[in-house]
Amino acid sequence: MNDFITALAGAAPLASGWAWHGVAMRRRLAAARRDPLSGLPTRAAFERRAGRALARGPHVVIVMDLDGFKHLNDVFGHAAGDEAIRVTAASLNDAFSGEHGSVAARLGGDEFTAVVPLRDRASLPWLLGGLHGEVTAPFRHAGCDLAVGASIGAC
């Protein structure tokens, strides 16, 4: 019995180390699946999640590109462009937060996408109009009100 307790006492730190390693690896993998600037899923993570969503029923695929993003970066600096990306991501999250089964992602640069359940075709123009309004609303950066445009398509 004494040998068992000694062995257990020696193995406990090793076991806890492996447990910590597993937690750290899961956190790293989750972080790798998210865009660090926007917090949205990356393209690969989006493709997996979108595939599952599309298999469950009718959805609309939305693709969006920011208009005037390069000009914003050139005139106001990359920090302003980064803020535009963060604000756009927040707008996507706000627009689709009530839609169970939706997923939004940053494809790269100033390109975004989303897959949203489509219950009624008539609601699509309303959905896209609301998204456009939210994304193009002015945001505050370094004491200035800035805005970008958006080109949005859906199928």
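An account of the accompanying structure is given in this report.

What counts and what doesn't
- Residues numbered from 1 in each chain as written.
- Predicted model: local features only at pLDDT ≥ 70, side-chain atom pairs only at ≥ 80, totals over all residues.
- Heavy atoms only, no water.
- Helix = DSSP H or I, 4+ residues; strand = E, 2+ residues; numbered from the N terminus.
- Buried < 20%, exposed > 50% of the residue type's maximum accessible area, 1.4 Å probe, protein only.
- Core = buried A, V, L, I, M, F, W, Y, C linked by side-chain atoms within 4.5 Å.
- Contact = heavy atoms within 4.5 Å.
- Salt bridge = Lys/Arg side-chain N within 4 Å of Asp/Glu carboxyl O.

1. Things to note about the overall build of the protein
1) Next: Broken down by element type, the protein carries five helices and six strands.
2) Next: When the elements of the protein are put in sequence order from the N terminus, they spell out α-α-β-α-α-β-β-α-β-β-β.
3) Next: Here the protein holds 155 residues, and 32% of them are scored as buried.

2. Description of the nonpolar core
1) Next: Membership of the largest hydrophobic core comes to 27 residues, with the highest contact counts inside it found for Ile 62, Leu 92 and Phe 96.
2) Next: Broken down by secondary-structure element, the contributors of at least two residues to this core are strand E1 (59-67), helix H3 (69-76), helix H4 (78-96), strand E3 (111-117) and helix H5 (124-136).
3) Next: Here this core takes six residues from H4, the largest share from any one element.
4) Next: Residues in contact with Leu 92, not counting those within four places in the same chain, are Leu 40, Met 64, Ala 104, Phe 112 and Leu 131.
5) Next: Counting residues in hydrophobic clusters, the runner-up holds six residues, among them Phe 46, Ala 53, Val 103 and Ala 105.

3. Observations regarding the pattern of salt bridges
Pairs can form between side chains of opposite charge once their charged atoms are near each other.
1) Next: Under the defined criterion, the tally for this structure stands at four salt bridges.
2) Next: For Asp 145, the salt bridge is made with Arg 140, and the minimal N-O distance between the two is 3.0 Å.
3) Next: Since its relative accessible area comes to 56%, Asp 145 is described here as exposed.
4) Next: Taking relative accessible area as the criterion, Arg 140 reaches 54% and is therefore assigned exposed.

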